[in-house]
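Structural overview
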Amino acid sequence: MIHLERINAIAVMLLMVAICFSAGAFAESHQHEQSKILALSAVPIASGSFVQRKYFKVLKHPIKSQGELYFDVSIGLLWQTEQPIYSALLLKKSGLFTENDNGDSQEIKSASAISQVLLDIMSGDSEKLAKNFTINASAIDHCLSLTPKLTQLAKIIDNVQLCHIDTPEKNQQNLNDINHIILHEHSGNRTEITLQLTPMTMLPEAVRARLQ
Amino acid sequence: MRDFNKLKKLYWLQLLAVFLLGGYLLFFGQWRIESNLLSILPHSAQQQDFSAAEHALFKRKSQQLIVLIAGDNALKAHDALAVKVHDVANVSIAPLTEPSLTDIAEFYSPFRHNFLTSSYLEHLDNSQALAQLATKQIIQVANPFVSETIATAPRLNLADYLQVALSNLADVEFDQGVAFVNVQGQRYLLSRLQVTLDGLDLNTSVDISAKLQQLFNDIRAAEQVELIYSGILFHTAESTSQAKAEISTFGVLSLVAVLLLIWSAFRSMLPLLSALLVLSIACAYGFIAILLFFQSLHLLTLVFAITLIGVVIDYCFHALVYADRQRKHQQEHEGHPLTKPLVLGFITTAIGYFILVFSPLSLLSQVAVFMIFGLLGALITVLFLLPQLKGFSKITCSPFSLTFSQQGITLFSKVFNHKKAAIALLTLALILLTVLAPIKFNDDVRLLNSSPKWLIDQEVNVAKALSYQNSQRLIIRAKTAQEMLEFQEQVIDQVLASQADIRVKGINKLLPSIKRQQQHYALLAKADQQGNFQAVLALSGLNDPINAFKPLTFQNFLQGPLAEIAQSYTAYYDTENGLEYASWLEFSQVPLSADNLLWLAENPHVSLYDTASDVSDALGQYRQEILWLLASALVAVVVILFAKYGLKAGALSAIATIGSALLALTLSQLFSSHLNIFNLLAVLLIIALAIDYVIFYQEHGLQVKTFLAISLSALSSAAVFGILVFSATPAVSSFGLTVMIGIVSIFILAPISAKNINLSEMGRS
């Protein structure tokens, strides 16, 4: 009897020790799990096109724009709107810049967070996304719901939906490729972006020069 | 004899009165100790006009400490600091808060028609360009400014305006509620600590600084992070510790050197005790005088005041060397043989210092008062107290010292016999030195900074990280808040007109003057009437009728979500003429041009806030004044010496005095890269000492006792002043170097002024 009680006590202690250890490891394993849920295809360098629709609560119709994009995770992202007007946004190592028609750039301070998130999503940086967002399954098929952990992002974005939508013009897609992003803002406004990406080995020299 | 007894009684009475006064001042007087070098340096007239504004704007900031942490565990280290700093008394965290954009948008909404960026202003008459501007904003991915303002301000002029105005101030970013700055790709988390005690005393500063540094070291070690910090408190603590260490070390070393000299010269305890007594009374007199005339005593005054030992001991040496003659003179009802030269010496030295009493440098006023009263105390003690000491008249010089003196006289009598050659040699040496090392003055107050290099380096790193290292700040003051905002706009318009690349940081964008808001409102209303905003409004399909003008006032702003920024950039304060308002602007990226600086200098409402260069300018002016003072002092000395001792002796005395002063300056230049105001001040002291020596040689001739007394004086002074050369405070070491060289020069040159070689006196000795 006494022997059994001792065994029980030891078992309880071992269990407690195991719980303590696992609690410490939980955070790390949870993040790992989260990144596994995402399991995005890694695309470090790519070019492509986008169509963006901005839905403002106060507007009846969305505002549509479209253009080209280029990114290389090692140097940055070029987000170039062609329609309805030309505008360029450059996320460089040194910060976020806008570029006018003449090619003159101007830094936009404290506003690089959203562009960085877009770059992380498009390049499939699951680890970084898992670190900065809480990831859940979405009610919509082939979509995941990301809630920002960082205050800086959380102040602007309520939630990000990453979706894979089957489209007639498939771009070497599999289910792990994201081609539709929805940014929900606290204000109730949302931005929907549809992407079409082509992985590359190197960005065109002219684009690289603009991102340097 | 009866007169002497009366004087003795008077002496005791005044001593009692002085000590009673000292006791009262010490325990009941309102005085404090300071260690900030800037507090004792002169201020320019413009600085004085703006001192209230400066105080109101930067007082709180001056009590803030900045800590930057970088590394993998920076966040943990940042949190640990926030928790553990509460264990340090009188220091608390001053949180940096990020205002909510929703609150800001809501706050500005009623005034939305009063704000136009330069892009909007440029295109107000072009409907298409305005539509493009608005479209660019609206298509930006999740532009929070557009999201927050489009419903109430669909022209998007407010979104554009807030984006420009806020990003202009945003050197500091926020992540998870933690402020940070990015420096060359490295993220530094920013903590701001506030010293909560007003009127921090020096010991508390040292204590807080030590505890904080210990805390920083612990955090560095525990979290393996880079942690840098800055704040005036650390400089105050360092200079306090340094000054304290120097006062005690130099004071003790000087005293030991002087006491050893006395012992070697007299080989008895009584001279030692007499010297200690005179020194103690002199120091007490000096200290009581400072308490009487000044509200604060600067630690540097005490460092300089060590020099009192060097001068007072001269009086003691003369009294001790001539001690055996006193009884004889008293018995024969003759005047004391030392009275005349000592009083004459005191008067000339006191006159020299008296001029400094009115100096704009409070340090010099304090040193001068300390010296004059200290020397007065020493003089009357030497004349009236020492002769009363039992056995004082039996003090005799040691055979060693007499032999030394005789050998000295033999040596100097050779110089005495070749005066012309000596003078020619002196002239040649001065010319050579002037050619080899031409005298150069540098008045930059930063060269006098005694803070250790590691602390200055940290300060520079923090300044670089927070982008204010090469910035220029302006203070603007006015009678009303609106005037202040208008002056601010005038200044910015003036500067930007010729220097478009310059970056301006201030509250000007977030809070334009009512005048400017009205201008923008009128322009926007006019463009709207002309239909130039129709395309923009069509983008959203929203309406935004323009109502009557409603200004955003300073008072509104102080109650809004950006109140913290308002308090950081503006202040209002009471003056004799009522309430005044002040704000500051920071210019960076490009230095202000000479034309703009000139324009600003002529504007009575604006002052360039650059304490270092203001003080340097004032030091430069003051140096010029001291040069004139020195020239006048030298003329006065020459006149007195000529009048008192005749043409030949007067000329020789003048050559010895002026020659030693010039040698001290030129040799100081040879040993250091440049001279400063403290080298010149040393020359004033040299002249005072040189006159003492010359007067003694004139009165007594080159004889054993005079030579012995002067040698002992010179050696003790050289020891006392020489030790200051090792001070870590550049001001003190410059002073020490020049005085030491000067004393050696006087010692060598003064004998040429002696009226004769008193051989009979030599024989008697």
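Residues numbered from 1 in each chain as written. Chains lettered and ligands numbered in written order. Predicted model: local features only at pLDDT ≥ 70, side-chain atom pairs only at ≥ 80, totals over all residues. Heavy atoms only, no water.

Residue and element names in this part refer to chain B. Enumeration over the complete set of coordinates arrives at 20 aromatic pairs over all chains. Taking 5.7 Å as the distance between ring centres and 80° as the angle between the ring planes, the aromatic pair formed by Tyr11 and Trp12 counts as edge-to-face. For the ring pair Tyr108 and Phe115, a centre distance of 5.3 Å and an interplane angle of 80° mean the geometry is edge-to-face. The rings of Phe107, Tyr108, Phe111, Phe115, Tyr161 and Phe557 are connected pair by pair, giving a single aromatic cluster. In this arrangement the basic side chain of Arg155 is found over the ring face of Phe533, its NZ or CZ atom lying 5.4 Å from the centre. (Phe/Tyr/Trp six-rings, centres within 6.5 Å; stacked < 30°, edge-to-face > 60°. Lys NZ or Arg CZ within 6 Å of the ring centre and 35° of its normal.)

Attention now moves to the interface of chain A and chain B. In many analyses, interface size is given as the accessible surface area lost on bringing the parts together. Contact with chain A, which involves 32 residues of that partner, is made by 28 residues of chain B. Between chain A and chain B, a total of about 2500 Å² is buried, with carbon and sulfur atoms accounting for 61% of that surface. Here chain A is connected to chain B by zero salt bridges. Linking chain A with chain B are five residue pairs in polar contact (both at pLDDT 80 or more), by the criterion used here. At the level of elements, strand E1 (45-55), strand E2 (63-72), strand E3 (76-83), helix H2 (112-122), helix H4 (151-154), strand E10 (180-185) and strand E11 (190-199) of chain A are the ones that each hand at least two residues to the side of chain A that touches chain B. Along the lines of polarity and charge, the residues of the side of chain A that touches chain B split into 15 nonpolar, eleven polar and six charged. (Contact = heavy atoms within 4.5 Å. Buried area = accessible area lost by both parts, 1.4 Å probe. Salt bridge = Lys/Arg side-chain N within 4 Å of Asp/Glu carboxyl O. Polar contact = N/O pair within 3.5 Å; in protein donor to acceptor, adjacent residues only side chain to side chain. Helix = DSSP H or I, 4+ residues; strand = E, 2+ residues; numbered from the N terminus. Nonpolar A, V, L, I, M, F, W, Y, C, P; charged D, E, K, R; others polar.)

Residues and elements named next belong to chain B. Ranked by internal contacts, the top residues of the largest apolar core, which has 131 residues, are Ile262, Phe266, Val312 and Phe735. With 18 residues, helix H28 (residues 677-700) is the single largest residue contributor to this core. Contact partners of Phe266, with chain neighbours within four places excluded, come to Pro271, Phe317, Leu320, Val321, Ile395, Thr396, Cys397, Ser398 and Leu712. Judged by nonpolar contacts, the second largest core, of 70 residues, contains Leu57, Leu124, Met484 and Leu592. (Core = buried A, V, L, I, M, F, W, Y, C linked by side-chain atoms within 4.5 Å. Buried < 20%, exposed > 50% of the residue type's maximum accessible area, 1.4 Å probe, protein only.)

Residues and elements named next belong to chain A. Read from one edge to the other, the open sheet built from eleven strands follows the order E6-E5-E4-E3-E2-E1-E11-E10-E9-E8-E7, with strand pairing classed as antiparallel. The open sheet terminates on both sides in strands that have one partner only, identified here as strand E6 (105-108) and strand E7 (133-137). Ignoring strand direction, the axes of neighbouring strands in this sheet form an average angle of 25°. Where E2 meets E3, seven bridges bridge the pair, whose relative direction is antiparallel. Bridge pairing in E3 links Phe71 to Leu77. Sitting on the sheet, H2 touches E2, E3, strand E4 (87-92), strand E5 (95-99), E7, strand E9 (157-163), E10 and E11, and the angle it makes with E3 is about 100°. (Pairing = 2+ DSSP bridges. Axes fitted to C-alpha atoms, helices over the stretch in contact; angles between N-to-C directions.)

This part covers the environment of Ala522(B). All names here are of chain B. Turning to its location among the elements, Ala522 is positioned in helix H22 (residues 514-529). Among the residues examined, Ala522 registers a relative accessible area of 44% and is labelled partly exposed. For the pair formed by Ala522 and Phe549, sequence separation is 27 residues and the distance between their alpha carbons is 8.6 Å.

A few words now on helix H21 (residues 481-498) of chain B. A rise of 1.5 Å per residue sets the reference length of H21(B), with its 18 residues, at 26 Å; its end C-alpha atoms lie 27 Å apart and thus fit the reference within 8%. Where H21(B) is concerned, the buried positions are Ala481(B), Gln482(B), Met484(B), Leu485(B), Phe487(B), Gln488(B), Glu489(B), Val491(B), Ile492(B) and Val495(B). (Expected span 1.5 Å × (residues − 1).)

Next up on the list: unusual backbone geometry. Most peptide bonds are trans, and most residues other than glycine sit at a negative phi. Following Gln83(A), the chain continues into Pro84(A) via a peptide bond in cis, with omega recorded as 5°. With respect to the secondary-structure elements, Pro84(A) resides in the loop between E3 and E4. Phi is positive for Asn90(B), which is not a glycine, with a value near 70°. Inspection of the secondary structure puts Asn90(B) in the loop between helix H4 (74-84) and strand E3 (91-93). A residue is classified by how much of its surface remains accessible, and Asn90(B), at 28% relative accessible area, is partly exposed. Of note, the phi angle at Gln224(B) is positive, near 50°, even though the residue is not glycine. Turning to its location among the elements, Gln224(B) is positioned in the loop between helix H10 (202-223) and strand E7 (226-230).

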